[in-house]
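Understanding the architecture of this molecule
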Amino acid sequence: MNARKISGIIIILLFFSFMLALASASQIPSSIPLQKSISSSIPKPSLPVSYSPIISSPSIAKPVLSSTPLVVRTPVTSSFHEEKTQMEDTIVTQSSEILTLDGIQIFPEDNIWNVPIDTMPVDPRSDDYIRSMGGDTQTAKPQFYSGLKNGVPWGIPYNVVPGDQPKVDVTIYYEHESDCGPYPIPENPLIQQDHDFHMLIVDKENGYLYELNKAIQQADGNWTAGSGAVYNLSSNDLRTICFTSADAAGLPILPGLVRYEEVAAGEIRHAIRTTAIDTQKAFVWPARHYASDLTNPEYPPMGQRFRLKSSFDTSGYPDQARVIMEAMKKYGVILADNAGGSWDLSGVPDERWDNEALKTLRNIKGTDFEAVNVTSLMIHPDSAQARTSVTPSPLTLTSVMPNSAQNYGAIPAVNLTGSDFTQGINIYLNLTGQPDIYATNIDVQSSEFITCNFPITGKIPGQWDIIVTNPDGRTIKQDNGFTITTSEQEPIQSKFYGIPGTEIFPLTIQFIDASTGSPSAWQWNFGDGNNSTEQNPIHTYNTPGVFIVQLIVANNTIEISASSIMTITNTNHLSVQNNGFSKISNPENILNKEGQVNGPSLDSGSIPVTREPVYSNPVIQSKALNVLR
């Protein structure tokens, strides 16, 4: 080979090298500014004192890959710091030099991220969770837009690398809970430019997802991160229990991102990543990690699934917003982090987003969401594989306490036990030919326990059926489950007598309540400055004198009555004086804040009473006790 030919080959090789370098520069943004290590500023988490033992994951079949190619956005300009970054859609085949996610499913189709939850029951703690997340004072907030935020794209980007991308070591702060790598980090990778610095990398050829939190390249070119995780995109295996990831919940980030291409196609087929201001020191499947010291069960745990209520009207909203809203109804959102605010929605930055359309998502209030119980979808606690068709567990009613009450007086409080009770449950009594009696003050304390009231005053006596219906339509009926009885109610009357227990002073008297009408509260005034709320108190008089002994009683209908005058002429003789009666049914003027009764002032009459028990008849009576030497 002569020198001229060799020179020609060299020129051709140099030309192709130049063209490859130029293409690379047009696809990858310039490097982010080098920053100091964050190792010293990140607090180490404390592991829980105890947790469930790890159970090996079941074998999971390899999924069928989607035939619909995903679209990867490649920036035309070489810098994130342009005022406007122009984007273009690129769908490239496997033989192309530029690798895409063509044909790659982000986890199997039966992964919990990709399974609808629109028919799942409402979680019993839903109202508590929504309230702790700000109720109607917090709204949905997309954290992805077109354009720039503080000079950088707004959202969480991702990188696609070839299977032979060189891997580099990463110094990870939470190494005891992380996958320590190495990681296939490309030159000048796309990184979320905020305090989290998430770096997501998809190895399309080998089917792996790499995610880092607080990914920062140091001045010497080495990489550090707060935490990291590696996922097999064809597997449903979850991380080791209590291990973190690039997210606080120990979950992957990529499957929860809203991408422009799927919105433009008209449907998002996965759950969306969201956040809360405060979370509980707990996690639920499929999460593996918590990031809080709050033990109050009213705060949501990591991994909690929520959905937009089906009653939320999405008509009239812009297409981009409507597609996202409908996805939150069908697939819901997963609580994955407690950074930022409540109901932050994660997505990929893209110049094709209509920012004004996305801003209408802020019309969704926290109270437009509801927490969902997805436990019945779980196949194995260490796997994200979910049942795609679920036969709901049966609704049961095992006991009702009490199961009978009278149709007058106080409205009875009833406890129901069973299984699969959910918020929004409906409970009522049914008797053929009679209007249904709907329970009030229903409190679903757990999926197995409910308290409520049956307003049965004046209702027809008989054996009524109890019907319990969940919001999803599941119903349980207990025939003749509650009996309503009736009888003529004996009127409330204050009656009492006293039996001296000594013959000399100090004089001890046993007071006995003989009131009718089933009193449930007693207030004694012994006339010497002493009082008692016992039913049958014993009282001692230290000196002779005349004392007004008064008994005020109240029953469950808040009817009040008081007493007469008792006179002791010697230790062997007591006398009682009567005066008419009065019944008081207005408790506001009678009961104090402590629930005690306050009696009216009374006049007196005279009836002799021996030491033997003698009852006084008036509903209100007053007794004066005259103790003489």
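Residues numbered from 1 in each chain as written. Predicted model: local features only at pLDDT ≥ 70, side-chain atom pairs only at ≥ 80, totals over all residues. Heavy atoms only, no water.

1. A few points about the nonpolar core
Judged by nonpolar contacts, the single largest core of 40 residues is most densely connected at V258, F306, I324, M328, L345, L361 and I364. Secondary structure elements with two or more residues in this core: helix 2 (126–132), helix 3 (260–265), strand 14 (305–308), helix 4 (319–330), strand 15 (333–337) and strand 17 (369–372). A total of 6 residues in this core trace back to one element, the largest contributor, which is helix 4. When sequence neighbours within four positions are dropped, the list of residues in contact with L345 reads A140, K141, P142, Q143, F144, I272, R273, T274, M328, V333 and L361. One finds L395, I437, I450 and C452 within the second-largest nonpolar core, a separate group that totals 22 residues. (Core = buried A, V, L, I, M, F, W, Y, C linked by side-chain atoms within 4.5 Å. Buried < 20%, exposed > 50% of the residue type's maximum accessible area, 1.4 Å probe, protein only. Helix = DSSP H or I, 4+ residues; strand = E, 2+ residues; numbered from the N terminus. Contact = heavy atoms within 4.5 Å.)

2. A short note on the side chain of S515
Relative to the elements of secondary structure, S515 occurs in the loop between strand 28 (507–513) and strand 29 (521–525). Of note is the side chain of S515, whose polar atom sits 3.0 Å from the backbone nitrogen of K495. Engagement of the side chain of S515 in a polar contact is seen with the side chain of D513, the distance being 2.6 Å. (Polar contact = N/O pair within 3.5 Å; in protein donor to acceptor, adjacent residues only side chain to side chain.)

3. A closer look at the sheet that holds strand 11 (residues 223–225)
Strand order in the open sheet made by the 3 strands is 7-11-10, with mixed pairing throughout. Looking at strand neighbours, the two that pair on one side only are strand 7 (170–172) and strand 10 (216–217), the edges of this open sheet. In this sheet, strand 11 lies alongside strand 10 in antiparallel orientation, the contact comprising 2 bridges. Bridge pairing links I216 to T224 in strand 11. (Pairing = 2+ DSSP bridges.)

4. Digging into unusual backbone geometry
Looking along the chain, the bond that leaves G181 and enters P182 is cis, with omega of 10°. Note that P182 resides in the loop between strand 7 and strand 8 (199–203). Looking along the chain, the bond that leaves M401 and enters P402 is cis, with omega of -10°. Residue placement: P402 occurs in the loop between strand 18 (396–401) and strand 19 (404–406). One non-glycine residue, F197, lies in the positive phi region at around 45°. What makes F197 buried here is its relative accessible area of 12%.

5. Observations regarding helix 4
End to end, helix 4 covers 17 Å across 12 residues, agreeing with the expected 16 Å (1.5 Å per residue, within 8%). For helix 4, every residue scored as buried is listed here: Q320, A321, V323, I324, M325, A327, M328 and K329. Immediately beyond the C-terminal end of helix 4, within one or two residues, lies G332, with a positive phi of roughly 75°. (Expected span 1.5 Å × (residues − 1).)

6. Comments concerning the pattern of salt bridges
Applying the stated rule across the entire model yields 18 salt bridges. For the salt bridge of D382 with R288, the shortest nitrogen-to-oxygen distance reads 2.7 Å. Here the residue D382 occupies a position in the loop between strand 17 and strand 18, and R288 occupies one in the loop between strand 13 (272–275) and strand 14, the gap between them amounting to 94 residues. When its relative accessible area of 4% is taken as the criterion, R288 is described as buried. One salt bridge in this structure joins R307 and E370, with 2.8 Å as the shortest N-O distance. With a gap of 63 residues between them, R307 in strand 14 and E370 in strand 17 connect regions that are remote in the sequence. Look at E370 and you get buried, because its relative accessible area is 16%. One salt-bridge network, in which partners are shared between bridges, spans R125, D128 and R131. (Salt bridge = Lys/Arg side-chain N within 4 Å of Asp/Glu carboxyl O.)

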